[in-house]
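Reading the structure
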Amino acid sequence: MFRAVRIVLRATLVAAALVAIGFVLFVNAVADMPDDVPTADGIVALTGGEARIAEAIKLLSQKKGKRLLITGVNPSTTREELQRLIDDGGELFNCCVDLDHNARDTVGNAEETHEWVEEQGFGSLIVVTSSYHMPRALAELGRESPGVRLFAYPVTPANLHIDSWWAHPGTFRLLASEYVKYLPAVARLWTARLFDREHRAARRN
């Protein structure tokens, strides 16, 4: 009995250590994200954080992509209301911006983006979302659109103290919450890739 207890305790300690190491790696990945991107076919902005739409419009104005999808827009929010929030974005909204009102979460964002990418025939995409949300967004988008090249363009909120996250309880709670959501997203991505690899192997045989 005592041996079984020791085994359980050791397994629990190992699991806790792995989770802690994974969290540190996750935070480092958030902190080290690039803030410049190459030109891509399209741009997608995931709503839910400050400045995401404005930054995506800026990229569109710089011709970093041909069209912009804003996904996760509140069903009651109109195109005109969004236009008024963006300086000098009227012409771009009229010609090159598509809105998705269906997505309710990151999984939905990825599903709606996949449909849009398929309709447009795009092979590469700039992803605009908050820096802490970017790893999960890339995982979900990568699972839904495995053939599309994804370039991260993170937007860092003003109140996110990523360089000293351990000293700011609000930042720590936000990162910890996002990390908990990120783990199942990565598990879904790996599972999808595994099944895809097995499917291709079966077809070859």
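Residues numbered from 1 in each chain as written. Predicted model: local features only at pLDDT ≥ 70, side-chain atom pairs only at ≥ 80, totals over all residues. Heavy atoms only, no water.

Focus: the nonpolar core
By size, the foremost hydrophobic cluster in this structure holds 24 residues, and its most contacted members are Ile43, Ile57, Leu68, Ile70, Val97, Ile126 and Val128. When contributions to this core are tallied by element, the ones reaching two or more residues are β1 (42-46), α2 (52-61), β2 (67-71), α4 (90-96), β3 (97-100), β4 (124-130) and β5 (149-155). The dominant element in this core, judged by the number of residues it contributes, is α2, at 5 residues. Counting 15 residues, the second-largest nonpolar core is a separate cluster that includes Leu46, Val117, Leu125 and Ala152. (Core = buried A, V, L, I, M, F, W, Y, C linked by side-chain atoms within 4.5 Å. Buried < 20%, exposed > 50% of the residue type's maximum accessible area, 1.4 Å probe, protein only. Helix = DSSP H or I, 4+ residues; strand = E, 2+ residues; numbered from the N terminus.)

Regarding the pattern of salt bridges
Under the criterion given, the structure shown has 7 salt bridges. Here Asp41 makes a salt bridge to Lys66, at a shortest N to O gap of 4.0 Å. Taken together, the residues span a long stretch of sequence, with Asp41 in the loop between α1 (2-31) and β1 and Lys66 in the loop between α2 and β2 at a distance of 25 residues. Each of Glu140, Arg143, Glu144 and Arg188 takes part in a single network of salt bridges with overlapping partners. (Salt bridge = Lys/Arg side-chain N within 4 Å of Asp/Glu carboxyl O.)

Observations concerning the confidence of the model for the protein chain
Per-residue pLDDT for the protein chain has a mean of 88; in total, 92% of the residues score no lower than 70. Taking the mean pLDDT of every element in the protein chain, the minimum, 81, falls on helix α3 (residues 79-85) and the maximum, 97, on β1. (pLDDT = per-residue confidence, 0-100.)

Concerning the environment of Leu9
Mapped onto the fold, Leu9 is located in helix α1. By relative accessible area, Leu9 is classed as exposed at 52%. As a C-alpha pair, Leu9 and Leu194 span 185 residues in sequence and 31 Å in three-dimensional space.

Here's the deal with the packing of helix α5 (residues 106-120) against helix α6 (residues 134-144)
The contact between α5 and α6 brings their axes to 9 Å, and the two run at 45 degrees. The angle between α5 and α6 places the two elements in the oblique class. Viewed along their axes, α5 and α6 form a crossing whose handedness is right-handed. Across the interface between the two elements, Thr106, Val107, Ala110, Glu111, Thr113 and His114 from α5 touch Arg136, Ala137, Glu140, Leu141, Arg143 and Glu144 from α6. (Axes fitted to C-alpha atoms, helices over the stretch in contact; angles between N-to-C directions. Parallel < 35°, antiparallel > 145°, perpendicular 65-115°, else oblique. Left-handed = near helix turned anticlockwise from the far one by under 90°. Contact = heavy atoms within 4.5 Å.)

Topic: α2
For α2, the complete set of buried residues consists of Arg52, Ile53, Ala56, Ile57, Leu59 and Leu60. Along the axis of α2, the buried positions cluster into a sector of 160 degrees, meaning they face one direction only. A positive phi of about 60 degrees marks Lys63, the residue just after α2. (Arc of directions from axis to C-beta.)

Examining the state of the cysteines
Inspection of every chain in the model, using the stated rule, returns 1 disulfide. Two residues, Cys95 and Cys96, share a disulfide whose sulfurs are 2.3 Å apart. The chirality of the disulfide connecting Cys95 with Cys96 is left-handed, given an S-S dihedral of about -90 degrees. Overall, Cys95 belongs to the partly exposed group, its relative accessible area being 41%. (Disulfide = S-S within 2.5 Å.)

With respect to the sheet that holds β1
Read across the open sheet, the 5 strands follow the order β3-β2-β1-β4-β5; overall the sheet is parallel. Among the strands making up the open sheet, the edge pair consists of β3 and β5. Each strand axis lies, on average, 20 degrees off the axis of its neighbour in the sheet, ignoring direction. Packing against the sheet, α2 makes contact with β1, β2, β3, β4 and β5, and its axis sits at approximately 150 degrees to β4. Relative to the sheet, α6 contacts β1, β4 and β5, its axis offset from that of β5 by approximately 160 degrees. (Pairing = 2+ DSSP bridges.)

Structural notes on the packing of aromatic side chains
All chains considered together, the criterion is met by 8 aromatic pairs. When the ring of Phe26 is compared with that of Tyr179, the centres are 5.6 Å apart and the planes differ by 45 degrees; the resulting orientation is tilted. One end of the pair, Phe26, is in helix α1; the other, Tyr179, is in helix α7 (residues 169-204), and 153 residues separate them in sequence. Given a relative accessible area of 8%, Tyr179 falls into the buried group. Aromatic side chains Trp165 and Phe172 sit 6.0 Å apart centroid to centroid with 15 degrees between the ring planes, which places their arrangement in the stacked category. When its relative accessible area of 16% is taken as the criterion, Trp165 is described as buried. The structure contains a cluster of three or more aromatic residues connected by ring pairs, namely Phe23, Phe26, Trp165, Trp166, Phe172, Tyr179 and Tyr182. (Phe/Tyr/Trp six-rings, centres within 6.5 Å; stacked < 30°, edge-to-face > 60°.)

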